[in-house]
Amino acid sequence: MGVPDEDKLGTLCRQDMNKIETSVTAIRTAINNVNALIGCDTWVGAAADRWGNDIQGRMGALGRLFDSYPAEENRLVTEAQKKQAEMSAPKPAN
């Protein structure tokens, strides 16, 4: 099995990242749909407030994680291409 060239490697990485982004979009949509169903009168009281604060905190953390994907994608693709270039470079003769 040969080593893919840098352009092909970048394409493969981006295809994988696009699959992740598709999943992220589906999760964001599901979260928005659930939030739309839960109104202020769905559940009231101290337990509801604690649960609501907890879920909003978790959703905020998840949103920040999702927002970090584009920069991480670029970093990973660049790193993979750099490693690919190193692997493809001619080796010095001994």
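Here goes a summary of the coordinates provided. Being a predicted model, the structure only gives us computed values, none of them experimental.

Tallying secondary structure elements over the chain gives 2 helices and 0 strands in all. Computed over its C-alpha atoms, the radius of gyration of the chain comes to 22 Å, more than 25% above the 12 Å expected for a compact globule of 94 residues. Reported as C-alpha extents along the three principal axes, the dimensions of the chain are approximately 75 × 20 × 20 Å. Counting across all 94 residues of the chain, residues that qualify as buried make up 15%. Long-range pairs, those at least 24 residues apart, make up 88% of the contacts in the chain between residues at least 6 apart in sequence. If you sum the accessible surface of the chain, you get close to 7,400 Å²; carbon and sulfur atoms cover 58% of it. Between the mean site of the 11 positive side-chain charges and the mean site of the 13 negative ones, the chain shows a separation of 4 Å.

Turning our attention to the pattern of salt bridges. Tallied over the full model, the rule gives 5 salt bridges. Note that Asp54 is salt-bridged to Arg58, the shortest N-O span being 3.0 Å. In this pair, Asp54 and Arg58 are both assigned in helix α2 (residues 46-88), 4 residues apart and thus about one turn of the helix distant. Between Glu79 and Lys83 there is a salt bridge, with its nearest N and O atoms 3.3 Å apart. Of this pair, Glu79 and Lys83 both sit in helix α2, 4 residues apart, which is roughly one turn of that helix. Taking the relative accessible area as the measure of exposure, Lys83 reaches 47% and is therefore partly exposed. Connected through salt bridges with shared partners, the residues Glu72, Arg75, Glu79 and Lys83 form a single ionic network.

Turning to its location among the elements, Ile20 is positioned in helix α1 (residues 6-37). The spacing of Ile20 and Glu73 is 53 residues in sequence and 9.9 Å in space, taken between C-alpha atoms.

Moving on: the layout of surface pockets. Of the volumes computed, that of the largest pocket is approximately 330 Å³. For the lining of the largest pocket, the secondary structure elements donating two or more residues are α1 and α2. With 8 residues, the top contributor of residues to the lining of the largest pocket is α2.

For α2, with 43 residues, the first-to-last C-alpha span of 62 Å sits near the 63 Å given by 1.5 Å per residue. Along α2, the sharpest change in direction is near 35 degrees and occurs at Pro70.

We now examine the packing of aromatic side chains. The tally for this structure, following the rule as stated, stands at 2 aromatic pairs. When the centroid spacing of 6.0 Å and the interplanar angle of 50 degrees are considered together, the rings of Trp43 and Trp51 count as tilted. Pairing Phe66 with Tyr69 gives two aromatic rings, centres 5.9 Å apart and planes at 50 degrees, and the pair type is tilted. Taken as a pair, Phe66 and Tyr69 lie in helix α2 at a separation of 3 residues, close to a single helical turn. The exposure class assigned to Phe66 is buried, which follows from its relative accessible area of 6%. For Tyr69, a relative accessible area of 27% puts it in the partly exposed group.

About the thresholds
- Residues numbered from 1 in each chain as written.
- Predicted model: local features only at pLDDT ≥ 70, side-chain atom pairs only at ≥ 80, totals over all residues.
- Heavy atoms only, no water.
- Helix = DSSP H or I, 4+ residues; strand = E, 2+ residues; numbered from the N terminus.
- Rg over C-alpha atoms; globule rule 2.2 N^0.38 Å.
- Buried < 20%, exposed > 50% of the residue type's maximum accessible area, 1.4 Å probe, protein only.
- Contact = heavy atoms within 4.5 Å.
- Areas by Shrake-Rupley, 256 points an atom, 1.4 Å probe, with all protein chains shown as cover.
- Lys, Arg positive; Asp, Glu negative; His and termini not counted.
- Charge placed at Lys NZ, Arg CZ, Asp CG, Glu CD.
- Salt bridge = Lys/Arg side-chain N within 4 Å of Asp/Glu carboxyl O.
- 1 Å grid on protein atoms, 1.4 Å probe; cavity = no way out; pocket = protein on both sides within 12 Å on 5 of 7 lines; lining within 4 Å.
- Points joined across faces, edges and corners; volume = space filled by probe spheres on them.
- Expected span 1.5 Å × (residues − 1).
- Bend = angle between axes of the 7 residues up to and from the residue.
- Phe/Tyr/Trp six-rings, centres within 6.5 Å; stacked < 30°, edge-to-face > 60°.

Read these as spatial facts, not as claims about activity.
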